[in-house]
Amino acid sequence: MQKEFIWQIRVYYEDTDAGEVIFYANYLKFMERARTEWLRKIGFDHKILKEKYELLFAVKNLTIDYIKPGYLDDLLTITSKLLETRNASLVFQQNIKNENNELLSQAEVKLACINAKTFKASSMPEELIMELTNDS
């Protein structure tokens, strides 16, 4: 399975350190936003997941490599590839590139699907799994 979502974001002053370089933790924020926008695009934003299905996603594991710095005003492209889907978890590979197509950062992110009330593992709705994995 190699389902993919591409999303872009501009680097603002607030995203950088004193040297106008992207602050390292903000790469994680950009990746989170890309995954959130993917869910929104397929009709399963976080509000719907919580209210209708009583579900949340939590990062269970993350491995990240910082390859090159990004800078103020860069236009970043975040590519999210769904590598694995299980009943209660998802694994993504996420890459961030600048407008020159240079790889700045890459990560593998494992998300656990949890019940919004108990915070215990919970199955994803079949409709969500189908939307995430369909090829259209």
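Structure first, text after, so check above.
Residues numbered from 1 in each chain as written. Predicted model: local features only at pLDDT ≥ 70, side-chain atom pairs only at ≥ 80, totals over all residues. Heavy atoms only, no water.

**Student:** It is not clear to me how the side chain of Lys3 should be interpreted in this structure. Could you clarify?
**Tutor:** In this fold, Lys3 is placed in strand β1 (residues 3-10). Owing to a relative accessible area of 14%, Lys3 belongs among the buried residues under this scheme. (Helix = DSSP H or I, 4+ residues; strand = E, 2+ residues; numbered from the N terminus. Buried < 20%, exposed > 50% of the residue type's maximum accessible area, 1.4 Å probe, protein only.)

**Student:** I keep staring at the side chain of Asn95 and nothing clicks. Help me out?
**Tutor:** Relative to the helices and strands, Asn95 is located in strand β4 (residues 89-97). Of the residues examined, Asn95 reaches a relative accessible area of 15% and is grouped as buried. Other than its neighbours up to four places away in sequence, Asn95 contacts Thr77, Ile78, Thr79, Leu103, Ser105 and Gln106. (Contact = heavy atoms within 4.5 Å.)

**Student:** What exactly am I supposed to notice about the nonpolar core here?
**Tutor:** The nonpolar side chains of soluble globular proteins are, as a tendency, buried together. Counting residues in each nonpolar core, the largest one holds 32 residues, and the members touching the most others are Phe57, Leu76, Ile78, Ile96 and Leu128. For this core, the secondary-structure elements that each account for two or more residues are β1, α1 (24-41), α2 (46-53), β2 (55-66), β3 (75-86), β4, β5 (103-115) and α3 (126-133). Per-element tally for this core: the top contributor is α1, with six residues. (Core = buried A, V, L, I, M, F, W, Y, C linked by side-chain atoms within 4.5 Å.)

**Student:** How do you make sense of the pattern of salt bridges when you look at a structure like this?
**Tutor:** Scanning the model with the defined rule gives six salt bridges in all. In this structure, Glu84 and Arg86 form a salt bridge, with 2.6 Å as the shortest nitrogen-oxygen distance. (Salt bridge = Lys/Arg side-chain N within 4 Å of Asp/Glu carboxyl O.)

**Student:** Looking at this structure, how should I read the packing of aromatic side chains?
**Tutor:** The geometry of an aromatic ring pair is captured by two quantities: the separation of the ring centres and the angle between the planes. By the definition in use, this model includes six aromatic pairs. Judged by centre distance (5.8 Å) and plane angle (15°), the rings of Phe5 and Trp38 are stacked. Residue Phe5 is located in strand β1, and its partner Trp38 is located in helix α1; the two are separated by 33 residues in the primary sequence. On the basis of relative accessible area, Phe5 is assigned to the buried category, the value being 10%. (Phe/Tyr/Trp six-rings, centres within 6.5 Å; stacked < 30°, edge-to-face > 60°.)

**Student:** Help me understand the pairing of β4 in this model?
**Tutor:** A regular strand places its side chains so that they alternate between the two faces of the sheet. Burial runs high along β4: seven of the nine residues are buried. Relative to β4, β3 runs antiparallel, the two being bridged by nine bridges. Looking across to β4, one finds that Ile78 is bridged to Ile96. Taking the residues between adjacent antiparallel strands as the criterion, β3 and β4 are bridged by two residues. Note that β4 and β5 share nine bridges and pair antiparallel. Within β5, the residue paired with Lys97 across the bridge is Leu103. Between β4 and β5, which follow one another and run antiparallel, lie five residues, and Asn101 among them has a positive phi close to 65°. (Pairing = 2+ DSSP bridges.)

Spatial relationships are all this shows, so hold off on functional conclusions.
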